[in-house]
Amino acid sequence: MKASRMIIPTLKEAPQEAIIDSHILMLRAGLIRKLVSGVYNYLPLGLRSLRKVEKIIKEEMDRSGALEILSSAMQPKELWEESGRWNKYGPELFRFKDRHNRDYCLGPTHEEIFTDLIRNTVKSYKQLPLNIYQIQTKYRDEMRPRFGLMRGREFIMKDAYSFDVDEKGLDESYKIMYETYSRIFTRLSLNFKVVLADTGAIGGNASHQFMALSDIGESNIIYCENCSYAADEEKAYSHAPTLEKEELKDREEVLTVNKHSIEEISEFLNLPLYKIAKSMIYYAEDSKQYGMFIVRGDYEVNEIKVANALNSSEVFIRLASDEEISALCSIAGFIGPVNFSKCQIFIDEEVTKMSNFVVGANKKDYHLVNVNYKKDFDGTIGDYKKAKEGDLCPICGKPLKSERGIEVGQVFKLGTKYSLPMNCTFLNEQGKTLPMVMGCYGIGITRTFQAIIEQHHDEYGIVFPLETAPYHIVIVPVNYDDEEQHRVSDKLYEMLNFKVETVLDDRKMKIGFKMKDWELIGIPYIAIVGRRASENIVELKNRNDNSKVELTLDEVKEFIIDKVNNLK
Ligand code: ATP
Ligand code: MG
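Bear in mind that the values here come from a model prediction, so they are computed numbers and not experimental data. Every chain's residues receive numbers from 1 upward, in the order its sequence appears when written. Labels follow written order: the first chain is A, the first ligand is 1, and so on. Only residues with pLDDT of 70 or above have their local features reported here, since the model is predicted, and side-chain atom pairs are shown and tallied only from 80 upward, although totals for entire chains, interfaces and linings are computed over all residues. The side-chain figures draw on all heavy atoms in the structure; neither hydrogens nor water molecules are used.

## Notes on the overall build of the protein chain
Move 1: Working definition: helices are DSSP H or I runs of at least four residues, strands are E runs of at least two. Numbering for both runs from the N terminus. When its secondary structure is counted, the protein chain shows 12 helices and 31 strands.
Move 2: Three exposure classes are used, based on accessible area relative to the maximum for each residue type with a 1.4 Å probe and protein chains only: buried under 20%, partly exposed in between, and exposed over 50%. In the protein chain, which comprises 568 residues, the share counted as buried stands at 53%.
Move 3: Note on definitions: a residue-residue contact is assigned when non-hydrogen atoms from the two residues lie within 4.5 Å. Sequence separation of 24 or more characterises 70% of the internal contacts of the protein chain that already satisfy a separation of 6 or more.
Move 4: Working definition of accessibility: Shrake-Rupley area with a 1.4 Å probe, residue cover restricted to the visible protein chains. By element, 49% of the accessible surface of the protein chain is carried by carbon and sulfur atoms, the whole surface being about 25,800 Å².
Move 5: Under the counting rule used here, the positive set is Lys and Arg, the negative set is Asp and Glu, and His together with the chain ends is not counted. The atom standing in for a charge is NZ when the residue is Lys, CZ when it is Arg, CG when it is Asp and CD when it is Glu. Side chains of the protein chain carry 77 positive and 87 negative charges; the gap between the two charge centres is 3 Å.

## Some words on the site of ligand 1
Move 1: Here a residue is considered near a molecule or strand provided that any single heavy atom belonging to it is located within 4 Å of it. Taken together, 15 residues sit near ligand 1, with Arg 140, Glu 142, Arg 151, Gly 152 and Glu 407 positioned nearest.
Move 2: A distance of 2.5 Å separates an oxygen atom of ligand 1 from a polar atom in the side chain of Glu 407.
Move 3: The fraction of the free accessible surface of ligand 1 (580 Å²) that becomes covered by protein chains is 85%.
Move 4: Only β8 (154–164) and β21 (401–415) provide two or more residues apiece to the shell around ligand 1.
Move 5: No other element matches the four residues that β21 contributes to the shell around ligand 1. In protein, a polar contact means a hydrogen-donor-capable atom and an acceptor-capable atom, both N or O and within 3.5 Å, with residues adjacent in sequence counting only if both atoms are side-chain atoms; elsewhere, any N or O pair within 3.5 Å suffices.

## Looking at helix α6 (residues 262–269)
Move 1: Restricting attention to buried positions, one finds in α6 the residues Ile 262, Ile 265 and Ser 266. Along the long axis of α6, the arc covered by the buried residues comes to 100°, so they all point the same way.
Move 2: Once α6 ends, the next one or two residues include Asn 270, with phi positive near 55°. The reported arc concerns the directions from the helix axis to the C-beta atoms and nothing else.

## Some details on the state of the cysteines
Move 1: Criterion for a disulfide: a pair of cysteine sulfur atoms within 2.5 Å. As enumerated under the stated definition, the model contains zero disulfides in all.
Move 2: Free cysteine: Cys 224, not disulfide-bonded; nearest cysteine sulfur from Cys 396 at 3.5 Å.
Move 3: Its sulfur unpaired, Cys 393 is 3.5 Å from the next cysteine sulfur, which belongs to Cys 227.
Move 4: For Cys 393, a relative accessible area of 2% puts it in the buried group.

This is the structure:
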């Protein structure tokens, strides 16, 4: 490809809308342009790269035995009512009506569609197991679209759904996808970790996330260096470092005028945070249920665990208002579990290990001190706190670490969550009708594409791995008007073009500008045709380490063809 015929709209400055490196670089390198919030146009250089990410994913999915189909983004309400998600999904679902006033949504995910397709196509155990997938555009009206393609409202996903005769079959399908994902992210040159995950709005009973490690990641990973434990913070389970047990004292009421926050109480009573228990009342809009959650003062409440305890999902959970708290016979800032019976009390298990601690007295300007679980109050014991670095590993007991990650993929064991309500059944060997046992598996392709850039860049721009670079090599004459340089550039172009993906930078621009463009775009190899053109010698710059070597045209050809052939 000749650069003069290409669209290379590079920018010198970072546009204001972008904060993180990969987003800035994608805009500056002219890979994408924003249409509206969370919606992007993919320009030629960006699209070439994105298609390569897709190709690797497709190759590995095909290798795993999965079958590709293509479904519609437009989905009828009726299917979502069958699964019970039409009302459950919340404001992230883009809904609309057709001219006949029928309701539809733009698919944020496709469980209903694939379940419907298979129940109408597959009847017998002989046709199972099956794993079908698609690469398709998804729509989610995200509350905060941000970081470019990382959290878009329109994005491309690879989604796959497996159908098995029983749990054992599902375990096998899940394992195959787990291994396939590991191969995909390795081929994509991502530094990633696989972590245990919450099942969220998709539902089901087991899940893992694939996290590309990065400081700008929106997910927090809690992991153990000593054993293999690693989990998303939403799911992570840990033990707080143990507290010494004390002899139980009698509880007393103390005046705490205008001391609402846990920090104020701690300072006022001169007690460490772990001697205070935090009580928070949450409301689930969908299950219409209140719950009081008690955690140790030096921990946060994990709202995903709250949502699970209230049979709800994250989007429907909120803290109760001051008025609602009063209606429940408590008072904001002074909430506590003692003599409280207006809603269910959920007690984090760490609280059961505390002794002689402080809680709100459900009375303005009062707290209770020397409170103890069982002696003074009771409730449902569970895991409701946010795990944090320094906590002890639930498997081996060693201190846990934390790290940020970008969720690039997730796999779920769905079981019969969709097949039961949607009647997706098969006949087994004995002629008995049974629900299929399902799994689902997603990769955010556009997010993965950006994660590659987030992990592969330097001060000059993107440093694409060869596998996903828009082109393999660019030939840059220092001065294309120079007869010798012109001849050698054209010759090298002829030698390489159609063997490897080659660009000839024939633009009438100063060498400095041309080099800046290609360094920003991140083409892995740059052949600079200059001073020694008459000897058929060029300088080959490796964008990965910015090193340069002088090579003959034949040597360049051999080198780059070898590199590209080794990719497969
Ligand atoms: P998140 O927690 O980041 O919102 P999710 O858990 O809701 O993601 P899934 O339903 O598991 O996402 O979707 C599968 C994959 O699609 C995710 O692993 C992620 O890579 C990608 N993805 C999800 N939401 C978005 C989005 N708004 N923009 C781009 N990619 C997304
Ligand atoms: Mg997910």
